[in-house]
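Below are the chains, spelled out letter by letter.
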Amino acid sequence: EDEAFLAAFQARIDAEEKIEPNDPMPEGYRKTLVRQIGQHAHSEIVGMLPEGNWITRAPSLRRKAALLAKVQDEGGHGLYLYSAAETLGVSREEMTEELLSGKAKYSSIFNYPTQTWADIGAIGWLVDGAAIMNQIPLCRCSYGPYARAMIRVCKEESFHQRQGYEIMMRLARGTPEQKEMAQDALNRWWWPSLMMFGPSDGDSQHSDQSMKWKIKRFTNDELRQKFVDATVPQGEFIGLTFPDPDLKWNEEKGGYDFGAIDWDEFWRVVKGHGPMNRERIEARRKAWEDGAWVREAALAHAEKRKARREA
Ligand code: ACO
(Lines give C-alpha, C1' and ligand atoms only; values in the text may rest on other atoms or scores of the structure.)
Protein backbone atom coordinates (compact mmCIF):
# COMPACT_ATOMS: atom_id res chain seq x y z
CA GLU A 1 0.00 0.00 0.00
CA ASP A 2 1.67 3.18 -1.11
CA GLU A 3 1.61 6.41 0.78
CA ALA A 4 -0.52 8.22 -1.76
CA PHE A 5 -3.25 5.60 -1.35
CA LEU A 6 -3.13 5.79 2.45
CA ALA A 7 -3.25 9.59 2.35
CA ALA A 8 -6.19 9.59 -0.06
CA PHE A 9 -8.03 7.12 2.18
CA GLN A 10 -7.33 9.24 5.27
CA ALA A 11 -8.62 12.30 3.40
CA ARG A 12 -11.94 10.52 2.80
CA ILE A 13 -12.13 9.63 6.49
CA ASP A 14 -11.31 13.20 7.52
CA ALA A 15 -14.04 14.48 5.20
CA GLU A 16 -16.50 12.22 7.10
CA GLU A 17 -17.24 10.14 4.02
CA LYS A 18 -18.62 6.68 4.68
CA ILE A 19 -16.48 3.79 3.47
CA GLU A 20 -18.57 1.16 1.68
CA PRO A 21 -17.85 -2.58 1.09
CA ASN A 22 -16.44 -2.31 -2.42
CA ASP A 23 -14.33 0.79 -1.79
CA PRO A 24 -10.57 0.38 -1.69
CA MET A 25 -9.37 0.35 1.91
CA PRO A 26 -6.08 -0.33 3.70
CA GLU A 27 -5.68 -3.92 4.83
CA GLY A 28 -5.29 -2.76 8.44
CA TYR A 29 -8.62 -0.93 8.30
CA ARG A 30 -10.36 -4.04 7.00
CA LYS A 31 -8.70 -6.25 9.61
CA THR A 32 -9.56 -3.92 12.49
CA LEU A 33 -13.19 -3.89 11.46
CA VAL A 34 -13.39 -7.66 11.01
CA ARG A 35 -11.88 -8.05 14.49
CA GLN A 36 -14.12 -5.50 16.18
CA ILE A 37 -17.38 -6.34 14.39
CA GLY A 38 -16.71 -10.06 14.80
CA GLN A 39 -16.07 -9.64 18.51
CA HIS A 40 -19.14 -7.49 18.79
CA ALA A 41 -21.30 -10.11 17.01
CA HIS A 42 -19.95 -12.89 19.22
CA SER A 43 -20.75 -10.78 22.29
CA GLU A 44 -24.36 -10.39 21.25
CA ILE A 45 -24.74 -14.12 20.66
CA VAL A 46 -22.90 -15.26 23.80
CA GLY A 47 -24.78 -12.52 25.64
CA MET A 48 -28.01 -14.42 25.10
CA LEU A 49 -26.82 -17.16 27.47
CA PRO A 50 -26.74 -15.47 30.89
CA GLU A 51 -30.18 -13.96 30.43
CA GLY A 52 -31.62 -16.96 28.63
CA ASN A 53 -30.91 -18.74 31.90
CA TRP A 54 -33.81 -16.81 33.49
CA ILE A 55 -36.51 -16.98 30.82
CA THR A 56 -38.22 -20.00 32.35
CA ARG A 57 -37.97 -18.54 35.84
CA ALA A 58 -39.11 -14.95 35.23
CA PRO A 59 -41.48 -13.99 38.08
CA SER A 60 -44.51 -13.16 35.89
CA LEU A 61 -45.86 -13.64 32.40
CA ARG A 62 -45.16 -9.98 31.56
CA ARG A 63 -41.59 -10.20 32.76
CA LYS A 64 -41.15 -13.38 30.79
CA ALA A 65 -42.51 -11.82 27.58
CA ALA A 66 -40.20 -8.81 27.92
CA LEU A 67 -37.14 -10.93 28.67
CA LEU A 68 -37.87 -13.30 25.82
CA ALA A 69 -38.19 -10.37 23.40
CA LYS A 70 -35.00 -8.84 24.70
CA VAL A 71 -32.97 -12.03 24.33
CA GLN A 72 -34.33 -12.46 20.81
CA ASP A 73 -33.25 -8.91 20.03
CA GLU A 74 -29.70 -9.79 21.06
CA GLY A 75 -29.74 -12.74 18.68
CA GLY A 76 -30.92 -10.42 15.92
CA HIS A 77 -28.10 -7.97 16.68
CA GLY A 78 -25.61 -10.80 16.40
CA LEU A 79 -26.90 -11.85 12.97
CA TYR A 80 -26.98 -8.24 11.79
CA LEU A 81 -23.37 -7.81 12.87
CA TYR A 82 -22.18 -11.06 11.29
CA SER A 83 -23.70 -9.78 8.05
CA ALA A 84 -21.89 -6.46 8.41
CA ALA A 85 -18.60 -8.32 8.94
CA GLU A 86 -19.29 -10.53 5.92
CA THR A 87 -19.26 -7.43 3.69
CA LEU A 88 -15.53 -7.31 4.49
CA GLY A 89 -14.87 -10.72 2.96
CA VAL A 90 -14.92 -12.97 6.01
CA SER A 91 -17.47 -15.78 6.37
CA ARG A 92 -19.74 -16.57 9.28
CA GLU A 93 -18.12 -20.04 9.46
CA GLU A 94 -14.66 -18.53 9.81
CA MET A 95 -15.81 -16.15 12.52
CA THR A 96 -17.55 -18.92 14.43
CA GLU A 97 -14.51 -21.14 14.25
CA GLU A 98 -12.38 -18.32 15.63
CA LEU A 99 -14.79 -17.90 18.53
CA LEU A 100 -14.82 -21.61 19.34
CA SER A 101 -11.05 -21.94 19.12
CA GLY A 102 -10.56 -18.97 21.44
CA LYS A 103 -8.86 -16.85 18.78
CA ALA A 104 -11.68 -14.31 18.62
CA LYS A 105 -12.74 -12.57 21.78
CA TYR A 106 -16.19 -11.67 23.05
CA SER A 107 -17.08 -9.25 25.81
CA SER A 108 -15.68 -10.11 29.24
CA ILE A 109 -19.02 -9.28 30.86
CA PHE A 110 -20.75 -12.41 29.64
CA ASN A 111 -18.44 -14.65 31.63
CA TYR A 112 -20.19 -13.87 34.89
CA PRO A 113 -23.10 -15.98 36.19
CA THR A 114 -26.71 -14.78 36.64
CA GLN A 115 -27.52 -15.91 40.16
CA THR A 116 -30.82 -14.18 40.98
CA TRP A 117 -33.68 -12.45 39.20
CA ALA A 118 -32.13 -9.10 40.18
CA ASP A 119 -29.20 -9.95 37.92
CA ILE A 120 -31.57 -9.62 34.97
CA GLY A 121 -32.36 -6.09 36.15
CA ALA A 122 -28.69 -5.31 36.66
CA ILE A 123 -27.74 -6.60 33.23
CA GLY A 124 -30.38 -4.53 31.46
CA TRP A 125 -29.57 -1.41 33.45
CA LEU A 126 -25.78 -1.65 33.57
CA VAL A 127 -24.63 -3.95 30.79
CA ASP A 128 -27.03 -2.67 28.17
CA GLY A 129 -26.47 0.84 29.52
CA ALA A 130 -22.74 0.44 28.95
CA ALA A 131 -23.38 -1.09 25.53
CA ILE A 132 -25.44 1.94 24.49
CA MET A 133 -22.78 4.36 25.69
CA ASN A 134 -20.27 2.52 23.49
CA GLN A 135 -22.61 2.01 20.53
CA ILE A 136 -24.18 5.44 20.07
CA PRO A 137 -20.83 6.81 18.78
CA LEU A 138 -20.50 3.71 16.57
CA CYS A 139 -23.56 5.00 14.65
CA ARG A 140 -21.04 7.53 13.26
CA CYS A 141 -18.36 4.93 12.54
CA SER A 142 -16.63 5.51 9.20
CA TYR A 143 -17.60 2.07 7.88
CA GLY A 144 -21.12 2.38 6.43
CA PRO A 145 -22.59 -1.09 7.06
CA TYR A 146 -21.45 -1.09 10.73
CA ALA A 147 -22.69 2.46 11.34
CA ARG A 148 -26.10 1.73 9.83
CA ALA A 149 -26.48 -1.52 11.79
CA MET A 150 -25.82 0.39 15.00
CA ILE A 151 -28.76 2.75 14.51
CA ARG A 152 -31.34 0.02 14.87
CA VAL A 153 -29.32 -1.83 17.48
CA CYS A 154 -29.18 1.27 19.69
CA LYS A 155 -32.95 1.76 19.53
CA GLU A 156 -33.45 -1.75 20.82
CA GLU A 157 -30.73 -1.42 23.43
CA SER A 158 -32.45 1.58 24.92
CA PHE A 159 -35.60 -0.52 25.46
CA HIS A 160 -33.39 -3.16 27.10
CA GLN A 161 -31.80 -0.61 29.39
CA ARG A 162 -35.18 0.70 30.50
CA GLN A 163 -36.65 -2.74 31.17
CA GLY A 164 -33.60 -3.52 33.31
CA TYR A 165 -33.74 -0.29 35.25
CA GLU A 166 -37.44 -0.76 35.84
CA ILE A 167 -36.80 -4.23 37.30
CA MET A 168 -34.18 -2.71 39.62
CA MET A 169 -36.52 0.11 40.60
CA ARG A 170 -39.33 -2.28 41.50
CA LEU A 171 -37.00 -4.49 43.53
CA ALA A 172 -35.37 -1.51 45.27
CA ARG A 173 -38.81 -0.27 46.32
CA GLY A 174 -40.06 -3.71 47.29
CA THR A 175 -39.63 -5.77 50.47
CA PRO A 176 -36.32 -5.55 52.39
CA GLU A 177 -35.35 -8.91 50.84
CA GLN A 178 -36.03 -7.59 47.34
CA LYS A 179 -34.04 -4.45 47.97
CA GLU A 180 -31.19 -6.53 49.28
CA MET A 181 -31.31 -8.67 46.15
CA ALA A 182 -31.07 -5.56 43.96
CA GLN A 183 -28.16 -4.24 46.01
CA ASP A 184 -26.35 -7.57 45.79
CA ALA A 185 -26.75 -7.61 42.00
CA LEU A 186 -25.37 -4.07 41.76
CA ASN A 187 -22.43 -5.09 43.96
CA ARG A 188 -21.56 -7.97 41.68
CA TRP A 189 -22.17 -6.31 38.28
CA TRP A 190 -20.82 -2.80 38.81
CA TRP A 191 -17.10 -3.43 38.36
CA PRO A 192 -17.45 -5.92 35.50
CA SER A 193 -19.64 -3.33 33.72
CA LEU A 194 -16.88 -0.74 33.97
CA MET A 195 -14.48 -3.30 32.51
CA MET A 196 -16.65 -3.67 29.41
CA PHE A 197 -15.15 -0.46 28.01
CA GLY A 198 -11.80 -2.17 27.69
CA PRO A 199 -8.33 -1.41 29.06
CA SER A 200 -7.32 2.11 30.12
CA ASP A 201 -6.25 4.32 27.25
CA GLY A 202 -2.57 3.82 28.05
CA ASP A 203 -2.97 0.06 27.62
CA SER A 204 -5.41 0.10 24.72
CA GLN A 205 -3.51 -1.31 21.80
CA HIS A 206 -5.90 -0.33 19.02
CA SER A 207 -7.41 2.97 20.17
CA ASP A 208 -5.04 5.43 18.49
CA GLN A 209 -5.35 3.96 15.03
CA SER A 210 -9.08 3.28 15.40
CA MET A 211 -9.63 6.91 16.43
CA LYS A 212 -7.70 8.13 13.39
CA TRP A 213 -9.80 5.96 11.13
CA LYS A 214 -12.94 7.14 12.96
CA ILE A 215 -13.94 3.59 13.74
CA LYS A 216 -13.89 4.66 17.37
CA ARG A 217 -15.07 8.18 18.19
CA PHE A 218 -14.16 8.17 21.89
CA THR A 219 -11.47 6.37 23.84
CA ASN A 220 -12.23 3.59 26.31
CA ASP A 221 -11.66 5.85 29.33
CA GLU A 222 -13.81 8.64 27.91
CA LEU A 223 -16.76 6.31 27.44
CA ARG A 224 -16.24 4.72 30.87
CA GLN A 225 -16.37 8.17 32.47
CA LYS A 226 -19.55 9.08 30.60
CA PHE A 227 -21.12 5.83 31.75
CA VAL A 228 -20.25 6.44 35.40
CA ASP A 229 -21.59 9.99 35.20
CA ALA A 230 -24.88 8.87 33.68
CA THR A 231 -25.41 5.81 35.87
CA VAL A 232 -24.53 6.90 39.41
CA PRO A 233 -27.49 9.32 39.73
CA GLN A 234 -29.81 6.58 38.45
CA GLY A 235 -28.64 4.19 41.18
CA GLU A 236 -28.88 6.85 43.86
CA PHE A 237 -32.38 7.76 42.73
CA ILE A 238 -33.60 4.26 43.58
CA GLY A 239 -31.70 4.18 46.87
CA LEU A 240 -28.89 1.79 45.96
CA THR A 241 -25.24 2.18 46.96
CA PHE A 242 -22.35 1.66 44.56
CA PRO A 243 -19.67 -0.74 45.79
CA ASP A 244 -16.90 1.85 45.51
CA PRO A 245 -15.80 3.89 48.56
CA ASP A 246 -13.84 6.22 46.26
CA LEU A 247 -16.82 7.21 44.15
CA LYS A 248 -17.27 10.94 44.59
CA TRP A 249 -18.57 13.88 42.55
CA ASN A 250 -15.73 16.08 41.38
CA GLU A 251 -17.08 19.57 40.85
CA GLU A 252 -13.98 20.75 39.05
CA LYS A 253 -14.02 18.12 36.35
CA GLY A 254 -17.81 17.96 36.26
CA GLY A 255 -17.79 14.19 36.66
CA TYR A 256 -17.35 11.46 39.23
CA ASP A 257 -14.02 10.22 40.50
CA PHE A 258 -14.02 6.48 41.00
CA GLY A 259 -11.79 3.77 42.42
CA ALA A 260 -9.21 1.67 40.64
CA ILE A 261 -10.38 -1.14 38.39
CA ASP A 262 -8.98 -4.60 39.06
CA TRP A 263 -7.21 -5.12 35.74
CA ASP A 264 -5.87 -8.49 36.81
CA GLU A 265 -9.44 -9.72 37.02
CA PHE A 266 -10.21 -8.17 33.62
CA TRP A 267 -7.32 -9.91 31.86
CA ARG A 268 -8.00 -13.19 33.64
CA VAL A 269 -11.55 -13.15 32.30
CA VAL A 270 -10.49 -12.00 28.81
CA LYS A 271 -7.94 -14.80 28.65
CA GLY A 272 -10.56 -17.43 29.34
CA HIS A 273 -10.41 -17.89 33.09
CA GLY A 274 -13.56 -16.11 34.25
CA PRO A 275 -16.25 -17.92 36.21
CA MET A 276 -18.27 -18.92 33.13
CA ASN A 277 -15.89 -18.88 30.13
CA ARG A 278 -15.75 -22.61 29.69
CA GLU A 279 -19.51 -23.05 29.94
CA ARG A 280 -20.22 -20.23 27.49
CA ILE A 281 -17.94 -21.64 24.80
CA GLU A 282 -19.24 -25.15 25.42
CA ALA A 283 -22.82 -23.91 24.87
CA ARG A 284 -21.82 -22.22 21.61
CA ARG A 285 -19.92 -25.28 20.44
CA LYS A 286 -22.94 -27.49 21.12
CA ALA A 287 -25.23 -25.09 19.23
CA TRP A 288 -22.82 -25.04 16.27
CA GLU A 289 -22.51 -28.83 16.20
CA ASP A 290 -26.24 -29.40 16.68
CA GLY A 291 -26.85 -27.09 13.73
CA ALA A 292 -24.46 -28.90 11.39
CA TRP A 293 -27.25 -30.90 9.72
CA VAL A 294 -29.14 -27.67 8.91
CA ARG A 295 -26.09 -26.20 7.19
CA GLU A 296 -25.49 -29.44 5.31
CA ALA A 297 -29.12 -29.69 4.24
CA ALA A 298 -29.16 -26.08 3.06
CA LEU A 299 -26.00 -26.67 1.06
CA ALA A 300 -27.33 -29.89 -0.50
CA HIS A 301 -30.55 -28.07 -1.41
CA ALA A 302 -28.66 -25.20 -3.00
CA GLU A 303 -26.57 -27.63 -5.03
CA LYS A 304 -29.64 -29.53 -6.22
CA ARG A 305 -31.29 -26.31 -7.36
CA LYS A 306 -28.17 -25.23 -9.15
CA ALA A 307 -27.90 -28.58 -10.95
CA ARG A 308 -31.56 -28.35 -11.94
CA ARG A 309 -31.11 -24.82 -13.29
CA GLU A 310 -28.10 -25.87 -15.31
CA ALA A 311 -29.75 -29.02 -16.70
N1 ACO B 1 -13.90 -7.97 26.79
C2 ACO B 1 -13.09 -8.76 26.06
N3 ACO B 1 -12.04 -8.28 25.36
C4 ACO B 1 -11.83 -6.94 25.40
C5 ACO B 1 -12.65 -6.07 26.11
C6 ACO B 1 -13.72 -6.63 26.84
N7 ACO B 1 -14.56 -5.89 27.59
N8 ACO B 1 -12.18 -4.81 25.94
C9 ACO B 1 -11.11 -4.90 25.16
N10 ACO B 1 -10.88 -6.19 24.83
C11 ACO B 1 -9.78 -6.71 24.04
C12 ACO B 1 -9.76 -6.16 22.63
O13 ACO B 1 -10.61 -6.91 21.78
C14 ACO B 1 -8.31 -6.27 22.26
O15 ACO B 1 -7.98 -7.64 21.96
P16 ACO B 1 -7.61 -8.12 20.46
O17 ACO B 1 -6.47 -7.29 19.99
O18 ACO B 1 -7.29 -9.57 20.60
O19 ACO B 1 -8.84 -7.91 19.63
C20 ACO B 1 -7.62 -5.97 23.57
O21 ACO B 1 -8.57 -6.26 24.59
C22 ACO B 1 -7.11 -4.55 23.70
O23 ACO B 1 -8.19 -3.61 23.74
P24 ACO B 1 -8.31 -2.31 22.81
O25 ACO B 1 -7.02 -2.08 22.10
O26 ACO B 1 -8.85 -1.21 23.62
O27 ACO B 1 -9.39 -2.85 21.74
P28 ACO B 1 -10.46 -2.03 20.88
O29 ACO B 1 -9.88 -0.81 20.29
O30 ACO B 1 -11.09 -3.02 19.96
O31 ACO B 1 -11.55 -1.55 21.96
C32 ACO B 1 -13.84 -2.13 22.52
C33 ACO B 1 -12.35 -2.48 22.68
C34 ACO B 1 -14.12 -0.79 23.17
C35 ACO B 1 -14.67 -3.23 23.21
C36 ACO B 1 -14.16 -2.04 21.01
O37 ACO B 1 -13.76 -3.22 20.35
C38 ACO B 1 -15.61 -1.82 20.70
O39 ACO B 1 -16.10 -0.72 20.81
N40 ACO B 1 -16.32 -2.89 20.25
C41 ACO B 1 -17.69 -2.82 19.82
C42 ACO B 1 -18.64 -2.96 20.96
C43 ACO B 1 -18.69 -4.34 21.55
O44 ACO B 1 -18.01 -5.27 21.15
N45 ACO B 1 -19.56 -4.54 22.51
C46 ACO B 1 -19.74 -5.85 23.08
C47 ACO B 1 -20.44 -5.80 24.36
S48 ACO B 1 -21.99 -5.04 24.26
C49 ACO B 1 -23.18 -6.20 24.00
O50 ACO B 1 -22.96 -7.14 23.35
C51 ACO B 1 -24.53 -6.03 24.62
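Above this text sits the structure in question.
Residues numbered from 1 in each chain as written. Predicted model: local features only at pLDDT ≥ 70, side-chain atom pairs only at ≥ 80, totals over all residues. Heavy atoms only, no water.

Observations regarding the packing of aromatic side chains
The geometry of an aromatic ring pair is captured by two quantities: the separation of the ring centres and the angle between the planes.
Phase 1 of the analysis: Using the criterion set out here, one finds 12 aromatic pairs in the structure.
Phase 2 of the analysis: An aromatic cluster of three or more residues is present, and its members are Trp125, Tyr165, Trp190, Phe197, Phe227 and Phe242.
Phase 3 of the analysis: One residue, Lys226, lies across the ring of Phe218, its end atom 4.6 Å from the ring centre.
Phase 4 of the analysis: The ring of Trp288 has Arg295 sitting right over it, with the charged end atom 3.5 Å from the ring centre. (Phe/Tyr/Trp six-rings, centres within 6.5 Å; stacked < 30°, edge-to-face > 60°. Lys NZ or Arg CZ within 6 Å of the ring centre and 35° of its normal.)

Let's talk about helix 1 (residues 3-14)
Think of an α-helix as turning once every 3.6 residues; residues three or four places apart then point the same way.
Phase 1 of the analysis: Compared with an ideal rise of 1.5 Å per residue, which puts 12 residues at 16 Å, helix 1 spans 16 Å between its outermost C-alpha atoms and is within 8% of the ideal.
Phase 2 of the analysis: With a side-chain oxygen lying 3.3 Å from the backbone nitrogen of Ala4, the N-terminal cap of helix 1 falls on Asp2.
Phase 3 of the analysis: Glu16, located one to two residues past helix 1, shows a positive phi value of around 65°. (Helix = DSSP H or I, 4+ residues; strand = E, 2+ residues; numbered from the N terminus. Expected span 1.5 Å × (residues − 1). Polar contact = N/O pair within 3.5 Å; in protein donor to acceptor, adjacent residues only side chain to side chain.)

A few points about the packing of helix 5 (residues 92-101) against helix 12 (residues 277-290)
Phase 1 of the analysis: Look at helix 5 against helix 12: their axes get within 10 Å of each other, and the N-to-C directions meet at 145°. The hand of the helix 5/helix 12 crossing is left-handed. Across from Glu93, Thr96, Leu99 and Leu100 in helix 5, the residues of helix 12 making contact are Ile281, Arg284, Arg285 and Trp288.
Phase 2 of the analysis: When the residues that make up the contact of helix 5 with helix 12 are grouped by side-chain class, the tally is 4 nonpolar, 1 polar and 3 charged. (Axes fitted to C-alpha atoms, helices over the stretch in contact; angles between N-to-C directions. Left-handed = near helix turned anticlockwise from the far one by under 90°. Contact = heavy atoms within 4.5 Å. Nonpolar A, V, L, I, M, F, W, Y, C, P; charged D, E, K, R; others polar.)

Comments concerning the site of the ligand
Phase 1 of the analysis: Surveying the vicinity of the ligand reveals 29 residues, the closest of which are Gln39, Lys105, Ser204, His206 and Lys216.
Phase 2 of the analysis: Gln39 is positioned such that a nitrogen or oxygen atom in its side chain is 2.6 Å from an oxygen atom of the ligand.
Phase 3 of the analysis: Between His206 and the ligand, the recorded distance is 2.6 Å, taken from a side-chain N or O atom to an oxygen atom.
Phase 4 of the analysis: For the ligand, whose accessible area on its own is 970 Å², the fraction buried by protein is 93%.
Phase 5 of the analysis: When contributions to the shell around the ligand are tallied by element, the ones reaching two or more residues are helix 2 (27-46), helix 6 (117-138), helix 7 (144-172) and helix 11 (263-273).
Phase 6 of the analysis: Among the elements that line the shell around the ligand, the one with the most residues is helix 2, at 6 residues.
Phase 7 of the analysis: Tallied by class, the residues present in the shell around the ligand amount to 12 nonpolar, 12 polar and 5 charged. (Near = heavy atom within 4 Å. Areas by Shrake-Rupley, 256 points an atom, 1.4 Å probe, with all protein chains shown as cover.)

A look at a negative patch on the surface
Phase 1 of the analysis: Negative charge collects at one region of the surface, where Glu86, Glu93, Glu94 and Glu97 lie side by side.
Phase 2 of the analysis: Looking at the negative patch element by element, the count peaks at 3 residues for helix 5.
Phase 3 of the analysis: Take Glu93: it is sitting in helix 5. (Patch = residues over 30% accessible without salt bridge, like charges linked within 9 Å, V, L, I, M, F, W, Y side chains within 5 Å. Salt bridge = Lys/Arg side-chain N within 4 Å of Asp/Glu carboxyl O. Lys, Arg positive; Asp, Glu negative; His and termini not counted. Charge placed at Lys NZ, Arg CZ, Asp CG, Glu CD.)

A closer look at the packing of helix 2 against helix 4 (residues 61-86)
Phase 1 of the analysis: Running from N to C, helix 2 and helix 4 point in directions that differ by 160°, and their axes come no closer than 8 Å. One way to sum up the angle between helix 2 and helix 4 is to call them roughly antiparallel. Of the two possible hands of crossing, helix 2 and helix 4 adopt the one that is left-handed. On helix 4, the residues that touch Ile37, His40, Ala41, His42, Glu44 and Ile45 of helix 2 are Glu74, Gly75, His77, Gly78, Leu81, Tyr82, Ala84 and Ala85.
Phase 2 of the analysis: For the contact of helix 2 with helix 4, the residue count by class is 7 nonpolar, 5 polar and 2 charged. (Parallel < 35°, antiparallel > 145°, perpendicular 65-115°, else oblique.)

Regarding unusual backbone geometry
Phase 1 of the analysis: In this model, Glu16 sits at a positive phi of 65°, which is unusual for a non-glycine residue.
Phase 2 of the analysis: Examined against the element boundaries, Glu16 turns out to sit in the loop between helix 1 and helix 2.
Phase 3 of the analysis: Residue Glu16 is classed as partly exposed on the basis of its relative accessible area, which comes to 43%.
Phase 4 of the analysis: Here the phi dihedral of Lys214 falls at roughly 55°; this positive angle occurs in a residue that is not glycine.
Phase 5 of the analysis: Mapping Lys214 onto the fold places it in the loop between helix 9 (207-212) and helix 10 (220-237). (Buried < 20%, exposed > 50% of the residue type's maximum accessible area, 1.4 Å probe, protein only.)

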